[in-house]
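Single-letter residue listing:
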Number of protein chains: 2
Amino acid sequence: MKPFDNRPIGIFDSGLGGLTVAAALRRTLPGEAVAYLGDTARVPYGDKSVDSIIRFAHQDVEFMLSRGVKLIVAACNTVSAVALDSLKRDYPDEIILGMIDSGVRAVIDSGAERVAVIGTRATINSDAYRRGIHAVDRSIRVESIACPLLVPLAEEGITGGVIAREVFDTYLGRLRDDPPDALLLGCTHYPLFAAALADYFSGKVRILDSATACAAYTARFLEEQKMAARPDNTPSFGCFVTDLPGEFHRHATRFLGAPPGRVERISLT
Amino acid sequence: MKPFDNRPIGIFDSGLGGLTVAAALRRTLPGEAVAYLGDTARVPYGDKSVDSIIRFAHQDVEFMLSRGVKLIVAACNTVSAVALDSLKRDYPDEIILGMIDSGVRAVIDSGAERVAVIGTRATINSDAYRRGIHAVDRSIRVESIACPLLVPLAEEGITGGVIAREVFDTYLGRLRDDPPDALLLGCTHYPLFAAALADYFSGKVRILDSATACAAYTARFLEEQKMAARPDNTPSFGCFVTDLPGEFHRHATRFLGAPPGRVERISLT
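Every value quoted in this text rests on a predicted model; they were computed, and no experiment measured them.

Take Gly68(B): it is sitting in the loop between helix H2 (50–66) and strand S3 (71–74). A C-alpha to C-alpha distance of 29 Å links Gly68(B) and Ala128(B), two positions 60 residues apart in sequence.

What follows is the structure, encoded as structure tokens:
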């Protein structure tokens, strides 16, 4: 085993959301090179069928491998919830990390006895978070709620104010009078709502962010496996998208916290 | 030329929205058979690039032709706005109708001197409606406004109430104090907001629905070309989708005004 590995980390998502994971990774691991893929021609995945999501995810992984990455992060809770088992089975020699295990770990570490998990329709229908949490601790009460409008709201830049609050009310109104100990943001778009959600629950609910949790998990994994980049590595960040780069470029800064640099268009089909 | 033509009308869209056109067509032309295609694996088109939309639309047309249709309706304002010229050039022997000409006709017929056109980002960026209206009458004042959140709202069934009103305010607030004569709903999802929009403008703005306009235009075309089905034709309605039929089936009734019947999955790539 090499003591250092300067190859890039591959991160993929259906579109922009995974950039919140890339941002957290770059904060946690500033020396790592990152190759990011957003399948923007077919975004979003979250309302699509398990069958289609698995097919898209396989094509995403094939592309990441063609970039010579050392490990792959499926930075999309939907893919992680419905396609990760299939990916691990079909790529037994590759390291593919998802969002679920790290989110489950964040819930366990929080000490919450009752947690609400929010995500896309596909993520919630998969029941992956509840199963993951109960595999560790069956006593934790888990409520799972699909919030399909939050992704388009985040993409429109509406992450607070009256509209966000009314949409929270539609999905989470019943939790407000009887709040859980923690709320797990089970979608990479949702960190953009963290402040507004904390405010919505008057600070009474601990907000757990699966993007930050995933970055911490990946950092620990690289350290343990001695796969981190050399401390003097010059990190790079490359973005690949399946639709034209214009729209992606326009919105990426909001998700990444910095301009994305060069964005290249590629084809998966 | 045959006096009657019992072959089906082909209607395609990125997803559910075109069903509002299918519904209007079935009301106007109850004797016609219809084959409907929704490219639900890649929905939505409205935020994607011109390049991708043209590529998808060509695949949609190829499938429609494989079903032996007598004419094709691109029942998607986005496709009509950005890809129709390309489709007509590449399929010179086929009859392909779009949403723009009929919407323009509805504006002219309304006698409006000032009209607001709302649609997806791709439709509005194309400027197709303004160009179409000004090709007929340059004196009409046209304001074009992209309303990207209305499609996800309609798909979530939120077509009125506080959230819809606040979203209207975000996009159309400035029109409310100084209303135009007419508002053209330049997206097949928007007829679901017709009542709420009429109410938002306190009945002062005439709502023009491009789905109804397209159906009337198609009926007139079939009549003039002697391509209508025989009066004693037994009509059929077949739906084809590119993702699994489950979600489509669940929401289709809201758009079609009736259950869609059999929905078959097909592949375009």
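Moving on from the model shown.
This paragraph deals with the UniProt feature "active site" (unreviewed entry) in chain A. All names here are of chain A. Here, UniProt's "active site" (unreviewed entry) annotation points to Cys 76 and Cys 187. Sequence-wise these annotated residues cover 112 residues; spatially they are packed, their C-alpha atoms never more than 6.8 Å apart. In this structure, Cys 76 sits in the loop between strand S3 (71–74) and helix H3 (77–82). Structurally, the position occupied by Cys 187 is in the loop between strand S7 (182–185) and helix H10 (194–200). Judged by relative accessible area, which is 6%, Cys 187 ranks as buried. Apart from the residues within four sequence positions on either side, Cys 187 is in contact with Asn 77, Ile 118, Gly 119, Thr 120, Val 151 and Ser 210.

Within the largest apolar cluster, 204 residues are counted, with the highest numbers of intra-cluster contacts made by Val79(A), Ile118(A), Leu172(A), Val79(B), Ile118(B) and Leu172(B). If sequence neighbours within four positions are ignored, Ile118(A) has contacts with Ile124(A), Ile145(A), Cys147(A), Leu150(A), Leu172(A), Leu183(A), Leu184(A), Leu185(A), Gly186(A), Cys187(A), Tyr190(A) and Leu197(A).

Moving on, we come to the domain arrangement of chain A. All names here are of chain A. The domain boundaries assigned to chain A delineate domain 1 (7–96 + 210–263) and domain 2 (98–209). Here the C-alpha centroids of domain 1 and domain 2 sit 21 Å apart. Listed by partner, the interface residues are 30 residues for domain 1 and 30 residues for domain 2. Taken as a group, Asn 77, Ser 210 and Arg 254 account for 26% of the area that domain 1 buries against domain 2, more than any other trio of residues on that side. The interface formed by domain 1 and domain 2 includes 1 salt bridge. The partner of Asp 47 in a salt bridge is Arg 121, with the nearest N and O atoms 3.5 Å apart. Inspection of the region where domain 1 meets domain 2 yields 16 residue pairs in polar contact (both at pLDDT 80 or more). Sorting the residues of the side of domain 1 that touches domain 2 by element identifies helix H1 (19–28), H3, helix H11 (210–224) and helix H12 (245–256) as the ones contributing at least two each. The element that contributes the greatest number of residues to the side of domain 1 that touches domain 2 is H11, accounting for 7 residues.

All names here are of chain B. With 17 residues, H2 extends 25 Å between its outermost C-alpha atoms, agreeing within 8% with the 24 Å of an ideal straight helix rising 1.5 Å per residue. Those residues of H2 that fall on the buried side of the exposure criterion are Ser 52, Ile 53, Phe 56, Ala 57, His 58, Asp 60, Val 61, Phe 63 and Met 64. Two residues or fewer after H2 comes Gly 68, characterised by a positive phi angle close to 65 degrees.

Next up on the list: the relation of the copies chain B and chain A. The two copies are related by a screw motion: chain B maps onto chain A through a turn of 180 degrees and a shift of 0.0 Å along the axis, at an RMSD of 0.0 Å. Taken together, the rotation and translation relating the two chain copies correspond to the operation of a two-fold axis. Residues of chain B ranked by C-alpha distance from the rotation axis are headed by Arg42(B), positioned 2.3 Å from it. A symmetric contact is evident, with 97% of the interface residues of chain B recurring at the interface of chain A.

A regular strand places its side chains on the two faces of the sheet in alternate fashion. Residues and elements named next belong to chain B. As paired strands, strand S7 (residues 182–185) and strand S8 (residues 206–209) are joined by 4 bridges and run parallel to one another. From the neighbouring strand, Ala 182 faces S8, where its bridge partner is Arg 206. Chirality of the crossover, the property in question, places the unit of S7, helix H10 (residues 194–200) and S8 among those that are right-handed.

This brings us to unusual backbone geometry. Backbone torsion omega between Val43(A) and Pro44(A) reads -5 degrees, so that peptide bond is classified as cis. Relative to the helices and strands, Pro44(A) resides in the loop between strand S2 (34–38) and helix H2 (50–66). Here the phi dihedral of Asp127(B) falls at roughly 65 degrees; this positive angle occurs in a residue that is not glycine. Structurally, the position occupied by Asp127(B) is in the loop between helix H6 (121–126) and helix H7 (128–136). For Asp127(B), a relative accessible area of 25% gives the class partly exposed. A positive phi angle, near 50 degrees, is found at Lys226(B), a position not held by glycine.

This brings us to the confidence of the model for chain A. For chain A, mean pLDDT is 95; residues scoring 70 or higher make up 99% of the total. Taken together, the chains of this predicted complex give a pTM of 0.92 and an interface ipTM of 0.88.

It is worth spelling out the packing of aromatic side chains at this point. A complete count under the given rule lists 14 aromatic pairs over all chains for this structure. Taken together, a centroid distance of 5.3 Å and an interplanar angle of 45 degrees make the contact between Tyr45(A) and Phe56(A) tilted. Here Phe56(A) lies in helix H2 and Tyr45(A) lies in the loop between S2 and H2, a separation of 11 residues in the sequence. The exposure class assigned to Tyr45(A) is buried, which follows from its relative accessible area of 1%. Both rings, one in Phe63(A) and one in Phe240(A), keep their centres 5.2 Å apart while their planes meet at 65 degrees; by these two values the pair is edge-to-face. Residue Phe63(A) is found in helix H2, and its partner Phe240(A) is found in strand S9 (residues 237–241); the two are separated by 177 residues along the sequence. What links up through ring pairs into an aromatic cluster is the set Phe168(A), Tyr190(A), Phe193(A), Tyr200(A) and Phe201(A). For the cation-ring pair, Arg26(B) lies above Phe237(B), with the distance from its terminal atom to the ring centre recorded as 4.3 Å.

Conventions and cut-offs
Each residue is numbered by its place in its chain's sequence as written, counting from 1. Each chain is given a letter, starting from A, and each ligand a number, starting from 1, according to the order in which they appear as written. Totals for whole chains, interfaces and linings use every residue, but because this is a predicted model, local features are given only for residues with pLDDT of at least 70 and side-chain atom pairs only at 80 or more, for both listing and counting. Only hydrogens and water are set aside; all other atoms, that is, all heavy atoms of the structure, feed into the side-chain values. Helix and strand labels come from DSSP, where a helix needs a run of H or I of at least four residues and a strand needs a run of E of at least two; each type is numbered from the N terminus. UniProt positions are given in the numbering used here, feature names are shortened, and annotations may be inferred rather than shown by experiment. Buried residues are those whose accessible area, probed at 1.4 Å on protein chains only, stays under 20% of the maximum for their type, while exposed residues exceed 50% and partly exposed ones sit between those limits. Residues count as neighbours in contact if any of their non-hydrogen atoms are within 4.5 Å of one another. Among buried residues, the Ala, Val, Leu, Ile, Met, Phe, Trp, Tyr and Cys ones that are joined through side-chain atoms within 4.5 Å form a nonpolar core. The source of the domain bounds is an automatic or database domain assignment. The term buried area denotes the loss of accessible surface (1.4 Å probe radius) that occurs when two parts are joined, taken as the sum for both partners. Basic side-chain nitrogens of Lys or Arg form a salt bridge, by our definition, when they fall within 4 Å of a carboxyl oxygen of Asp or Glu. By the criterion applied in these results, polar contacts are pairs of N or O atoms within 3.5 Å in which, for protein atoms, one can donate a hydrogen and the other can accept it, and in which residues neighboring in sequence qualify only through two side-chain atoms. In this analysis, the expected span of each helix is defined as 1.5 Å times one less than the number of residues it contains. Superposition of the copies used a least-squares fit over C-alpha atoms from residues whose pLDDT is at least 70 in both. Only strands joined by at least two bridges in the DSSP assignment are considered to pair. By convention, orient the strands away from the viewer: a clockwise path from the first strand over the helix to the second makes the crossover right-handed. Across the chain, each position has a pLDDT score giving the predictor's confidence in that residue, from 0 to 100. Aromatic pairs are defined between Phe, Tyr and Trp rings, using the six-membered ring for Trp, whenever the two ring centres lie within 6.5 Å; interplanar angles under 30 degrees are classed as stacked, those over 60 as edge-to-face, and all others as tilted. Throughout this description, the term charge over a ring refers to an Arg CZ or Lys NZ atom that lies within 6 Å of the ring centre and within 35 degrees of the ring normal.

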